[in-house]
Amino acid sequence: MTLIEQYSSCGLNNVSNAIRLEAGVQWSEVYLWLSKFNLVAIGGASGTVSAVGGYLQGGGHGPLSRWKGLAVDQVLEYDVITADGQRQTVNACQNRDLFWALSGGGGGTYAIVLSAVASNETRYEKLIESFVEILPTVADAGWSGYFDIVDMTLRVLFHVPNGDWAALNATLNQFGASNIDLDFTITNSFVVPSFYYYFALMLEPNNPTGYNLLVSSRLIPESIIRSKPSQVAKAFVQAKGQSTTGSNLRGSFVAGGQVSNTTNRNNSVNPGWRTALLQMICMQSWLDTISKAEQEYLATQVLLRGEMLDTVLP
Ligand SMILES: Cc1cc2nc3c(=O)[nH]c(=O)nc-3n(C[C@H](O)[C@H](O)[C@H](O)COP(=O)(O)OP(=O)(O)OC[C@H]3O[C@@H](n4cnc5c(N)ncnc54)[C@H](O)[C@@H]3O)c2cc1C
């Protein structure tokens, strides 16, 4: 059993905490091992059933499958030996027909599975999903702000001019209630005397200029955030930043509200702003010392992360 902190393959980048399970491992062993990392897997109810054998290849239902789908829905890759004796990597890009067949078609039928890699982002994804779910409430209450999705963290800075404290606390409580296993007993909310005070204290220090940054961005429509929060959260988690590589996914919660009001506003601004709630920015910093090839690689990555956000766009 191996924890892969950042899994990248087959167009998927930055999948956090994927797990590789070798053939022969049983669910009781997997659950115990994952509990040390405060993680769970979508597995069976019986501890003695083998994780990647007949269980997985048959689909695999379990106590958490109504929450995240079947065990096989979490699989990113198999390492197999086919009947001709060839060792093959099987995923949605390589040997796609075998990937489809192994994922539910039954054990002992298509190949000998040596190991399988499964996505295990459940807890973090749930956090991001409940965050996306409160955005409409927050928007209706007149808030704006910025947030960063990096590694396994979510940093949020909200502000509301002349705000309603009761509404603020109710929303924070709702968010806390959706994440009772996280500690939200200390919330940091305060009143500042002026916009300039807030800008100087909170915004300016967090928006440095004068360094190399590659960006790609997408405007995310408010209707999509309201109607498909879990797909939006999935895309955000996929496109999130990685501190080790200097990337970030910045959410600018600066649209909606009066930005959507087009009355008597006839101008050339991108019409996407009028229906958006968020501008999501994939950021990638780079150093002058890296080679041209490395710069080009980072540029490709930042564009790919932007394309991951396209999956939720109409
Ligand atoms: C007590 C009990 C509880 C169960 N609970 C659940 C449950 O909660 N959810 C659920 O979905 N199912 C459950 N099942 C059903 C279980 O998923 C199936 O019986 C499954 O086939 C068991 O797979 P295994 O690899 O452990 O068993 P095995 O009998 O060893 O294998 C079953 C088949 O898969 C093949 N196979 C095994 N390993 C591999 C491999 N590495 N590569 C290719 N083929 C392989 C074997 O050749 C055989 O044909 C349960 C079964 C039992 C007995």
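See above for the structure.
What counts as what
Residues numbered from 1 in each chain as written. Predicted model: local features only at pLDDT ≥ 70, side-chain atom pairs only at ≥ 80, totals over all residues. Heavy atoms only, no water. Salt bridge = Lys/Arg side-chain N within 4 Å of Asp/Glu carboxyl O. Helix = DSSP H or I, 4+ residues; strand = E, 2+ residues; numbered from the N terminus. Buried < 20%, exposed > 50% of the residue type's maximum accessible area, 1.4 Å probe, protein only. Near = heavy atom within 4 Å. Polar contact = N/O pair within 3.5 Å; in protein donor to acceptor, adjacent residues only side chain to side chain. Areas by Shrake-Rupley, 256 points an atom, 1.4 Å probe, with all protein chains shown as cover. Nonpolar A, V, L, I, M, F, W, Y, C, P; charged D, E, K, R; others polar.

With that out of the way, let us pick up the pattern of salt bridges. Applying the stated criterion across every chain, the model contains eight salt bridges. Close ionic contact of Glu 77 with Arg 20 constitutes a salt bridge, the shortest N to O distance being 3.3 Å. Highlighted residues: Glu 77 in strand S3 (residues 75-81) and Arg 20 in strand S2 (residues 12-22), separated in sequence by 57 residues. Put simply, Glu 222 and Arg 226 hold a salt bridge, and the shortest N to O gap is 2.9 Å. Highlighted residues: Glu 222 and Arg 226, both in helix H8 (residues 222-227), separated by four residues, approximately one helical turn. The exposure class of Glu 222 is buried, given its relative accessible area of 18%. Among the charged side chains, a network of salt bridges with common partners joins Asp 140, Glu 222 and Arg 226.

Taken together, 17 residues lie around the ligand, and Ala 45, Gly 54, His 61, Gly 108 and Val 113 are the ones closest in. A distance of 2.9 Å separates a nitrogen atom of the ligand from a polar atom in the backbone of His 61. Gly 108 has a polar backbone atom sitting 2.9 Å from a nitrogen atom of the ligand. The fraction of the free accessible surface of the ligand (950 Å²) that becomes covered by protein chains is 52%. At four residues, helix H2 (residues 51-57) tops the list of elements feeding residues into the shell around the ligand. Looking at the shell around the ligand, its residues break down into seven nonpolar, ten polar and no charged.

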